[in-house]
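# Breakdown of the fold
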Amino acid sequence: MSLDWIYYAISWILLTWHSAWDAIKVPVGSVLGTNWAWILAIIFLVVTVRVILFPVFVKQIKSQRAMQALQPKVKELQEKHKGDRETLQKEMMELYRKEKANPLMGCLPMFLQIPVFLGLFHVLRRLDPAKSNKTLYGWTVDQFNSASSAKIFTAPIAGKFGSTADELARLGANGTTVKIIAGILVLVMMGTTYLTSRQMILKTGWAEDPQQRMVQRLMLYGIPLSLLISGAIFPIGVIIYWVTNNLFTLGQQQWVLRKFPPLVTNQKPGSTAPRSPVQPAKAGGFLNRAKPAAQVPAKPAAPKVAGPKPGAKPTNPKKGRPAKRQG
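Values in this document were obtained by computation on a predicted structure and should not be read as measured data.

Of the regular secondary structure elements, the protein chain holds 10 helices and 4 strands. Reading the secondary structure of the protein chain in the N-to-C direction produces α-β-β-α-α-α-α-α-β-β-α-α-α-α. The buried share of the protein chain, reckoned over its 327 residues, is 36%. Within the structure as shown, the protein chain displays about 21,100 Å² of accessible surface, and the carbon and sulfur contribution to it stands at 63%.

What follows is about the packing of aromatic side chains. Throughout the structure, instances matching the rule amount to 12 aromatic pairs. For the ring pair Trp-17 and Trp-21, a centre distance of 6.3 Å and an interplane angle of 20° mean the geometry is stacked. With Trp-17 and Trp-21 both in helix H1 (residues 4-23) and 4 residues apart, the pair spans about one turn of that helix. For Trp-21, a relative accessible area of 18% puts it in the buried group. Arranged with centres 6.0 Å apart and planes meeting at 25°, the rings of Phe-234 and Trp-242 form a pair that is stacked. Trp-242 matches Phe-234 in its accessibility class, with the two residues each being buried. When the ring centre of Phe-161 is taken as reference, the NZ or CZ atom of Lys-179 above it lies at 5.6 Å.

This paragraph deals with helix H4 (residues 85-98). Under the 1.5 Å per step criterion, the end-to-end length of H4 is 20 Å for 14 residues, consistent within 8% with the ideal 20 Å. Leu-88, Met-92, Leu-95 and Tyr-96 are the residues of H4 that are buried. Looking straight down H4, one finds its buried side chains confined to an arc of 95°; they lie on one side. For H4, the exposed residues lying more than 90 degrees away from the buried face are Glu-86, Lys-90, Arg-97 and Lys-98. Contacts from the buried residues of H4 go to helix H2 (36-69), helix H3 (71-80) and helix H9 (210-230).

Taken over all residues, the pLDDT of the protein chain has a mean of 79, while the share at 70 or more is 76%. Every residue in residues 265-294 scores below 50 in pLDDT, and together they form 20 contacts with partners more than four places removed in sequence or on other chains.

A word on unusual backbone geometry. With a phi angle near 55°, Phe-153 is a residue other than glycine that sits in the positive phi range. Along the polypeptide, Phe-153 turns up in the loop between strand E3 (151-152) and strand E4 (155-156). Since its relative accessible area comes to 36%, Phe-153 is described here as partly exposed. Of note in this structure, Thr-154 is not a glycine but carries a positive phi near 70°. For Thr-154, the position within the fold is in the loop between E3 and E4.

As a further point, take the environment of Gly-205. Inspection of the secondary structure assignment puts Gly-205 in the loop between helix H8 (175-204) and H9. A residue is classified by how much of its surface remains accessible, and Gly-205, at 23% relative accessible area, is partly exposed. Sequence-wise, Gly-205 and Gln-216 are 11 residues apart; in three dimensions their C-alpha atoms are separated by 10.0 Å. Excluding residues within four positions of it along the chain, Gly-205 makes contact with Met-200 and Gln-216.

Here we take up the side chain of Thr-193. In this structure, Thr-193 sits in helix H8. Among the residues examined, Thr-193 registers a relative accessible area of 7% and is labelled buried. With residues up to four places along the chain from it excluded, the contact list for Thr-193 reads Ile-223, Pro-224, Leu-227, Trp-242 and Asn-246.

This brings us to H3. If you check which residues of H3 are buried, you get Gln-71, Val-74, Leu-77 and Gln-78. For H3, the buried positions fall inside an angular range of 115° around the axis, keeping them on one side. Away from the buried face of H3 by more than 90 degrees, exposed residues Glu-76, Glu-79 and Lys-80 are located. Tucked into the core, H3 has its buried residues touching H2, H4 and H9.

Cut-offs applied
Residues numbered from 1 in each chain as written. Predicted model: local features only at pLDDT ≥ 70, side-chain atom pairs only at ≥ 80, totals over all residues. Heavy atoms only, no water. Helix = DSSP H or I, 4+ residues; strand = E, 2+ residues; numbered from the N terminus. Buried < 20%, exposed > 50% of the residue type's maximum accessible area, 1.4 Å probe, protein only. Areas by Shrake-Rupley, 256 points an atom, 1.4 Å probe, with all protein chains shown as cover. Phe/Tyr/Trp six-rings, centres within 6.5 Å; stacked < 30°, edge-to-face > 60°. Lys NZ or Arg CZ within 6 Å of the ring centre and 35° of its normal. Expected span 1.5 Å × (residues − 1). Arc of directions from axis to C-beta. Contact = heavy atoms within 4.5 Å. pLDDT = per-residue confidence, 0-100.

The following block contains the structure:
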């Protein structure tokens, strides 16, 4: 299956944004050794894709809420069919079908972004001045030459940590500079990837289903660690795309999670309730800080009256009145 349509679509969005920033005379190479028109074009490629996928992202959140609401029933099935994995899977699939919940919906936005990532990777990898066909995917020769010489902090966006000496020579780049910039960006990419997964898990909680919990652990630890190796083959422009996408995800998740707060499942009596991932709503007070509840003053306790000591004469409550004589 040809992926040319993806390469044309990515190129068109990238070139359109570059033309827009170039039209308003964004500085070229004069600020921190960076061609900001191309950097902004990559950043706004992310914005364009994320705006298109925003409805899918909202569906992902709603699907995760539905899956979270089904956790008590899932736990019952696990207890009922303990040791019978095949029956358990059938019963869970029937439960998901009946409640119209899709476990795969949580990964759908990520899967839809994979073609965009691969398309940008392919397009930027072609930015080699030695290429003979510079007008592929709708590029002009001037656009190709401009992009192949575009830099961020003097490191070309087409360069990568693992660039060979010949590739660096064709790009007119310094190998040490490319490795430093690419290495820093790879670490930032790993950190922001971890934070996006951690943010979602902390808000929604760990899944009860062992398979879903395994997927969560893979997302939280496996993918960031894999980037330490795969990041060496990513062009710097692709890493910029990934970091920007992660930062966009952090902000978008924060907004959506506030709008669609996670469910709080009821705990069984006597069980230790885990810390709820849902933060209490802040209202009132300075900067929306919650005001402390008004303290109701306690009524003063009545003074205790000490009883008479043993052998003491009783006190006369009516002082000043003579006692009557008895005849």
